[in-house]
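The chain contents come next:
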Amino acid sequence: MSAQPNRTLSPFSDNMSEDRLALLARLTEGLDADSLYWLSGYVAGVAASSRHVPLSAAIAANVAVPLPAAVAETQASARLTIVYGSQTGNAKRQAEALVREAEGAGLNVRLVRADAYATRELAAERLLYVVISTQGDGDPPDDARGFVEFIQGKRAPKLPQLKFAVLGLGDSSYPQFCAIGSKIDARLAELGATRLFARGDADLDIASVAAPWAKQALEQARDLLKSDAPSVPRAATVTPLRGAAHVHAPAWTREKPFAASLLTSQRISARNGTKDIRHIELSLEGSGLGYHPGDALGVIATNPPALVDAVLAQLKFDGERALSLQGESHSLREWLLRKREITTLSKPFLVEHAKRAKSAALEHALAPEGREALRELLGEHQLIDVLHAFAAEWSADEFVAALRPLAPRMYSIASSQKAVGEEVHLTVAVLDYEKFGTRHVGAASQFLATLPEDADVPVFLEENERFRLPSDASRDVIMIGPGTGVAPFRGFLQERAETAAAGRNWLFFGNPHFRSDFLYQLEWQKALKDGTLHKLDLAFSRDQSEKVYVQHSLRRRGKELYDWIANGAHLYVCGDATRMAHDVDAALRDIVIEHGGKSDEDARDFLNQLAAERRYARDVY
């Protein structure tokens with residue numbers, strides 16, 4: 001008698017046709033481990049319900065059982081839900097760390113990525129923490145677009161019984177710093193939820209804000225869940241997501257980077273062109289590091305010595321003076337060279353500088369009506385420009401304390417490890433130009449461009465699970481990467497060639513000039529010739545009187561592009577977040593409207609659904 005139920009419950013039974021298996025493969029394609037665990041639990045719960053499997057047996061198997069509404073609501077009152085939205089992985093790591101702490105304290109907690117969160121559950125939630133980043137000029141991360149739209153939209157329910165807290169992550173060199181966290185925090189309160197404590201707004205120095213926020217979050221959760229003890233078995237949790245408990249700690253991290261030897265630094269833009277674009281190859285030999293196309297490499301750079309000298313001279317500081325801060329002691333020169341950000345501005349620094357400069361122009365930029373002036377300051381000026389334009393008296397200690405820590409620079413990897421072995425390749429635009437009477441240089445790009453042969457570069461890998469080639473190699477792939485945004489697609493194409501992927505590959509590339517800026521031209525032409533690359537559309541914006549960008553190429557190919565997408569193609573975009581990504585998204589929406597016969601709202605939903613299915617992925621910065 002026991003053998004028959006096992007047979008009928010098997011997914012490979014006679015009832016499972018090839019069509020259904022294909023549908024199942026399409027459903028699970030691109031899902032990460034967290035989502036697959038959730039899906040397995042959900043399906044098992046449905047099976048348990050339909051077969052009348054006892055609740056106790058389902059609990060023992062750790063599956064999700066469709067519970068009566070009253071029981072589900074009771075569970076929600078005794079559970080902490082943590083929803084995260086993350087573009088580069090920082091918000092995910094903070095959420096995972098909080099889950100580990102909560103589980104260690106014996107709390108009933110679940111971790112859910114924003115695009116996997118069933119928004120219908122929001123009305124039943126009693127304790128919710130949201131950890132979310134802001135991208136570019138005030139945009140949500142791709143995995144949270146649908147979640148944010150739902151929270152802000154008319155369908156969001158009233159939430160009088162919900163208690164919540166929000167941790168926002170962002171970059172204060174952008175005007176709309178942590179804007180998404182702020183919007184969610186305000187909207188939840190507007191819906192009637194109770195804010196447990198103040199929102200955290202974390203800059204690139206994430207730990208300084210995230211650590212005290214997480215401590216307070218854990219204390220509040222302990223108090224609330226202790227007073228609302230569950231009246232049903234804890235093992236019967238509705239969603240058995242425990243993603244953070246299974247996180248593998250890499251051997252090399254931003255705190256402990258690997259010293260990768262420089263193999264090649266080759267200029268791949270014309271020497272008479274306006275841009276210096278480098279192809280960088282680094283050795284990972286002996287590191288044990290492995291990566292996938294779509295991942296990023298973190299580079300821990302030092303600031304340009306000439307810029308350090310200029311800052312010291314402008315402020316009349318002694319670079320050899322010892323300075324202690326937050327348990328570290330270095331010379332002032334060392335602080336500026338290796339420990340503090342001096343090539344980009346942040347709003348918090350401008351606020352502190354304005355207190356000392358007594359400048360009406362600077363105060364105007366920091367006022368609500370000066371938003372455009374602030375945007376121009378943060379986008380166009382470097383620290384040295386502000387020190388020149390708005391003279392102020394600083395003490396060395398206060399100056400260093402006001403600067404952000406020097407953050408690693410993340411580069412999309414431009415290679416497949418299957419093709420290059422123990423190497424990793426990068427495509428780097430070297431920032432070096434004159435403006436406001438000073439030389440502007442980029443910290444990491446200058447660091448990489450001026451390295452001597454065989455120099456070591458401190459690096460670490462950053463996984464990007466949302467920017468992966470389809471697991472089904474027969475799927476077509478559409479890649480949109482203007483400028484250095486083409487980098488990951490070099491890796492994609494290498495991977496597809498090495499694995500003999502059956503799907504077609506279509507690349508859209510753009511840059512100012514054909515003759516000077518056609519990055520990896522010979523490689524793309526070879527790929528077209530040997531059939532690895534099936535289509536290549538180019539947009540060189542300055543080679544004709546009318547500027548032409550990749551979004552124009554997309555619209556020109558709209559019908560065929562939509563046909564590819566409608567037939568299962570995966571769509572990838574890499575590059576500038578502030579302009580290009582918006583323009584490309586708008587072009588794609590117009591294509592769906594025109595060639596898919598959809599309304600504007602339906603087209604937005606269509607693209608959001610593609611993103612949720614991991615068929616529309618963006619690596620934007």
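Structure: see above.
We now turn to the structure provided with this report. What you are looking at is a predicted structure, and each value in this text was computed from that prediction instead of being measured.

1. Points about the overall build of the protein chain
The helix and strand tally for the protein chain stands at 25 helices and 21 strands. Relative to its full complement of 621 residues, the protein chain shows a buried share of 51%. Carbon and sulfur atoms provide 51% of the accessible area of the protein chain, an area that totals close to 28,500 Å².

2. Concerning helix α12 (residues 347-357)
Since one α-helical turn is 3.6 residues long, residues separated by three or four positions face the same way. Turning to α12, its buried residues are F349, L350, H353, A354 and A357. Seen along its axis, α12 keeps its buried residues to an arc of 140 degrees; they face one direction. Among the structural elements, α13 (360-366), α14 (371-380), α15 (383-389) and α16 (396-402) are those in contact with the buried residues of α12. Phi turns positive one or two residues past the end of α12, at K358, with a value near 55 degrees.

3. A closer look at the side chain of D139
Along the chain, D139 turns up in the loop between β3 (127-133) and α7 (145-152). For the buried D139, which has no salt bridge, the nearest side chain bearing the opposite charge is R618, at an N-O separation of 5.5 Å. A polar contact of 2.6 Å, which involves the side chain of D139, links it to the side chain of H582. Contacts of D139, omitting those with residues within four sequence positions, involve S133, T134, I180, A577 and H582.

4. Section: the pairing of strand β8 (residues 276-283)
A regular strand places its side chains on the two faces of the sheet in alternate fashion. Of all the eight residues making up β8, eight are buried; the element is thus mostly covered by neighbouring parts of the structure. Pairing of strand β7 (residues 258-267) with β8 involves six bridges; the strand directions are antiparallel. Counterpart to Q266 in the pairing with β8 is H279. The sheet contact formed by β8 and strand β13 (residues 423-430) spans eight bridges and is antiparallel. By the bridge assignment for β13, E281 is matched with H425.

5. Brief notes about the environment of P470
Here P470 shows up in the loop between β16 (456-462) and β17 (477-480). On the basis of relative accessible area, P470 is assigned to the buried category, the value being 9%.

6. Considering unusual backbone geometry
Not every positive phi belongs to a glycine, and C178 is a case in point at roughly 55 degrees. Examined against the element boundaries, C178 turns out to sit in the loop between β4 (163-169) and α8 (179-190). Classification of C178 as buried rests on a relative accessible area of 1%.

7. Describing the nonpolar core
Of all hydrophobic cores here, the largest spans 35 residues; its most connected members are F349, L383 and F399. For this core, the elements supplying multiple residues, two or more each, are α10 (305-315), β10 (322-325), α11 (332-339), α12, α13, α14, α15 and α16. The leading source of residues in this core is α10, at five residues. With near-sequence residues (within four places) excluded, F349 lies in contact with L383, L387, W394, F399, A402 and L403. In this structure, L80, V99, L169 and L225 belong to the second largest nonpolar core, which totals 28 residues.

8. Considerations on the pairing of strand β2 (residues 109-113)
When you tally the buried positions in β2, you get five out of five residues, the bulk of the element. The alternating pattern of β2 places V109, L111 and R113 and R110 and V112 on opposite faces, both of which are buried. Taken together, the five bridges between strand β1 (residues 80-85) and β2 define a ladder with parallel strand orientation. Bridging across to β2, Y84 finds its partner in R113. For the handedness criterion, the β-α-β arrangement of β1, helix α6 (residues 90-104) and β2 is classed as right-handed.

9. Looking at the sheet that holds strand β20 (residues 570-575)
Taken together, the five strands give an open sheet; going across it, the order is β19-β18-β17-β20-β21, and neighbouring strands pair in parallel fashion. Where the open sheet ends on each side, the last strands, each with one partner, are β19 (535-540) and β21 (616-620). With direction set aside, neighbouring strand axes in the sheet form an average angle of 10 degrees. Pairing between β17 and β20: four bridges, direction parallel.

10. Comments concerning the packing of aromatic side chains
Summed over the entire model, instances satisfying the criterion amount to 23 aromatic pairs. Measuring from ring centre to ring centre gives 5.0 Å for W506 and W564, while their planes differ by 65 degrees; the resulting arrangement is edge-to-face. With W506 in strand β18 (residues 505-511) and W564 in helix α23 (residues 558-566), this residue pair connects regions lying 58 residues apart in the sequence. Judged by its relative accessible area of 0%, W506 falls in the buried class. The lysine or arginine in question, K256, covers the ring of W252, its NZ or CZ lying 5.3 Å from the ring centre. It is R504 that lies over the ring of W564; its NZ or CZ is 4.0 Å from the centre.

11. Considering the environment of S329
Following the sequence through the fold, S329 ends up in strand β11 (residues 328-331). Given the relative accessible area of 49%, S329 is considered partly exposed. Contacts of S329, omitting those with residues within four sequence positions, involve L323 and S324. Of note is the side chain of S329, whose polar atom sits 3.2 Å from the side chain of S324.

What counts, and at which threshold
- Residues numbered from 1 in each chain as written.
- Predicted model: local features only at pLDDT ≥ 70, side-chain atom pairs only at ≥ 80, totals over all residues.
- Heavy atoms only, no water.
- Helix = DSSP H or I, 4+ residues; strand = E, 2+ residues; numbered from the N terminus.
- Buried < 20%, exposed > 50% of the residue type's maximum accessible area, 1.4 Å probe, protein only.
- Areas by Shrake-Rupley, 256 points an atom, 1.4 Å probe, with all protein chains shown as cover.
- Arc of directions from axis to C-beta.
- Contact = heavy atoms within 4.5 Å.
- Lys, Arg positive; Asp, Glu negative; His and termini not counted.
- Salt bridge = Lys/Arg side-chain N within 4 Å of Asp/Glu carboxyl O.
- Polar contact = N/O pair within 3.5 Å; in protein donor to acceptor, adjacent residues only side chain to side chain.
- Pairing = 2+ DSSP bridges.
- Core = buried A, V, L, I, M, F, W, Y, C linked by side-chain atoms within 4.5 Å.
- Right-handed = clockwise from strand over helix to strand, strands pointing away.
- Axes fitted to C-alpha atoms, helices over the stretch in contact; angles between N-to-C directions.
- Phe/Tyr/Trp six-rings, centres within 6.5 Å; stacked < 30°, edge-to-face > 60°.
- Lys NZ or Arg CZ within 6 Å of the ring centre and 35° of its normal.

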